[in-house]
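Listed below, chain by chain, are the residues.
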Amino acid sequence: MAAEQPAGMLTEVEMADIGDRYGPTAEARVRHWQEMIRRFGTLSDEDRLKQVNDFFNGARFLSDPEVWQREDYWATPLEFLIVDAGDCEDFSIAKYFTLEEMGVPAEKMRLTFVKALSLDKAHMVLAYYPRPSAVPLILDNLNPAILPASERADLLPVYSFNGEELWLAKTRRQQVKAGDADSLQSWRELKARVAAGVPLSVMPLPEP
């Protein structure tokens with residue numbers, strides 16, 4: 001019996017639509033992404049983290065005004081793949097949704113806003129908790145190595161969230177629940193665009 005296709009996998013019609021709208025290079029990236037989800041979904045969590053972190057960290061880091069002509073925009077994984085560029089939110093969001101599609105439970109992951117002390121600016125990373133009380137592993141586009149948060153003294157946590165809940169950081173090691181993630185407007189809008197599927201109005205960037 002054929003293996004069941006993950007719910008978020010695109011059909012051939014949708015793949016062809018991406019190629020027609022955004023060109024063969026964008027279609028190839030999306031096909032590579034879908035193949036990664038299909039092939040590596042049975043690996044250990046740690047191996048899935050590495051596959052996904054390495055895959056998305058190959059994209060270009062560009063600001064929202066450069067990519068989207070907006071001050072703050074959270075791209076869906078498909079939008080990010082089509083342009084192959086984005087800021088820290090786009091890297092982290094793409095990793096979160098991809099790992100969830102590969103079978104990593106959402107409750108093990110949190111999109112985490114931090115202060116990047118070396119840059120003196122806000123930054124987003126993806127935190128993975130092997131157990132609820134464990135020190136999380138950090139997936140980051142600034143540092144390609146997946147390291148425990150205890151080894152990332154350059155990051156100061158501010159708040160984090162996943163599909164359901166929102167946490168505020170009291171200290172480096174302690175976070176307290178602070179409500180529903182849907183209280184974040186950018187998160188609500190992002191989830192609606194993810195659910196809508198193939199984007200209709202992305203402007204691909206020139207190749208570097």
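Scroll up for the structure.
Quantities reported herein were computed from a predicted structural model and do not represent experimental measurements.

A.B. asks: Honestly, the pairing of strand β4 (residues 121-128) in this entry has me stumped. Any pointers?
C.D. replies: As a general feature of sheets, a regular strand has side chains that alternate between the two faces. Taking burial as the measure, the eight residues of β4 include six buried ones, the bulk of the element. Summarising the sheet, strand β3 (residues 109-116) and β4 pair through eight bridges and their orientation is antiparallel. Directly across from K115, in β4, lies its bridge partner A122. Remark: four residues form the turn of the hairpin made by β3 and β4, two consecutive strands paired antiparallel; D120 in that turn has positive phi of roughly 55°.

A.B. asks: I tried to follow the side chain of R29 on my own but got confused; where do I start?
C.D. replies: Tracing the sequence through the fold places R29 in helix α2 (residues 24-40). Here I82 takes part through its backbone oxygen, which lies 2.8 Å from a polar atom of the side chain of R29.

A.B. asks: Any chance you could explain the pattern of salt bridges here in plain terms?
C.D. replies: Opposite charge on two side chains lets them pair, provided their charged atoms get close. Here the structure, examined in full by the defined rule, presents 12 salt bridges. For D45, the salt bridge identified is with K108, shortest N-O distance 3.2 Å. On the criterion of sequence distance, the pair formed by D45 in helix α3 (residues 45-56) and K108 in the loop between α6 (88-101) and β3 is long-range, its members being 63 residues apart. By relative accessible area, which is 11% here, D45 ends up buried. Across the pair D154 and R152 runs a salt bridge whose closest N-O atoms are separated by 2.9 Å. For D154, a relative accessible area of 27% gives the class partly exposed.

A.B. asks: I would appreciate a short explanation of the environment of T76 in the present structure.
C.D. replies: On the secondary structure map, T76 appears in the loop between α4 (64-68) and α5 (77-83). T76 sits 119 residues away from A195 along the chain, and the two C-alpha atoms are 9.7 Å apart. Every residue in contact with T76, bar those within four places of it in the chain, is listed here: L190, R193 and V194.

A.B. asks: How should the packing of aromatic side chains be read in this particular structure?
C.D. replies: The description of an aromatic ring pair rests on the distance of the ring centres and on the angle between the ring planes. Applying the stated rule across the entire model yields 13 aromatic pairs. Taking 4.9 Å as the distance between ring centres and 45° as the angle between the ring planes, the aromatic pair formed by W68 and Y73 counts as tilted. Classification of W68 as buried rests on a relative accessible area of 14%. Considering the side-chain rings of F80 and F91, the 5.0 Å spacing of their centres and the 65° angle between planes classify their relative orientation as edge-to-face. Within this pair, whereas F80 is found in helix α5, its partner F91 is found in helix α6, the two being separated by 11 residues in sequence. Assessed through its relative accessible area of 1%, F80 is described here as buried. In this structure an aromatic cluster arises from ring pairing among W74, Y96, F97, F113, Y159, F161 and W187.

A.B. asks: How do you make sense of helix α7 (residues 185-196) when you look at a structure like this?
C.D. replies: For α7, spanning 12 residues, the distance from its first C-alpha to its last is 17 Å, which sits close to the expected 16 Å at 1.5 Å a residue. Among the residues trailing α7, G197 stands out with phi positive, at a value near 90°.

A.B. asks: How should I be thinking about the side chain of D64 in this particular structure?
C.D. replies: Tracing the backbone through its elements, the reader meets D64 in helix α4. Although D64 is buried, it forms no salt bridge, and the closest oppositely charged side chain is R70 at an N-O distance of 7.8 Å. A distance of 2.9 Å separates a polar side-chain atom of D64 from the backbone nitrogen of Y73. If sequence neighbours within four positions are ignored, D64 has contacts with Q69, R70, E71, D72, Y73, D87 and D90.

A.B. asks: Help me out: how do you make sense of the packing of α2 against α3 in this one?
C.D. replies: For any two helices packed against each other, the geometry comes down to the angle between their axes and how far apart the axes lie. Here α2 crosses α3 at 175°, and the two axes come no closer than 11 Å. Relative to α3, the element α2 lies roughly antiparallel. Two secondary-structure elements touch here, α2 through R29, H32, W33, M36 and F40 and α3 through R48, Q51, V52, F55 and F56. For the contact of α2 with α3, the residue count by class is six nonpolar, two polar and two charged.

Criteria and cut-off values
Residues numbered from 1 in each chain as written. Predicted model: local features only at pLDDT ≥ 70, side-chain atom pairs only at ≥ 80, totals over all residues. Heavy atoms only, no water. Buried < 20%, exposed > 50% of the residue type's maximum accessible area, 1.4 Å probe, protein only. Helix = DSSP H or I, 4+ residues; strand = E, 2+ residues; numbered from the N terminus. Pairing = 2+ DSSP bridges. Polar contact = N/O pair within 3.5 Å; in protein donor to acceptor, adjacent residues only side chain to side chain. Salt bridge = Lys/Arg side-chain N within 4 Å of Asp/Glu carboxyl O. Contact = heavy atoms within 4.5 Å. Phe/Tyr/Trp six-rings, centres within 6.5 Å; stacked < 30°, edge-to-face > 60°. Expected span 1.5 Å × (residues − 1). Lys, Arg positive; Asp, Glu negative; His and termini not counted. Axes fitted to C-alpha atoms, helices over the stretch in contact; angles between N-to-C directions. Parallel < 35°, antiparallel > 145°, perpendicular 65-115°, else oblique. Nonpolar A, V, L, I, M, F, W, Y, C, P; charged D, E, K, R; others polar.

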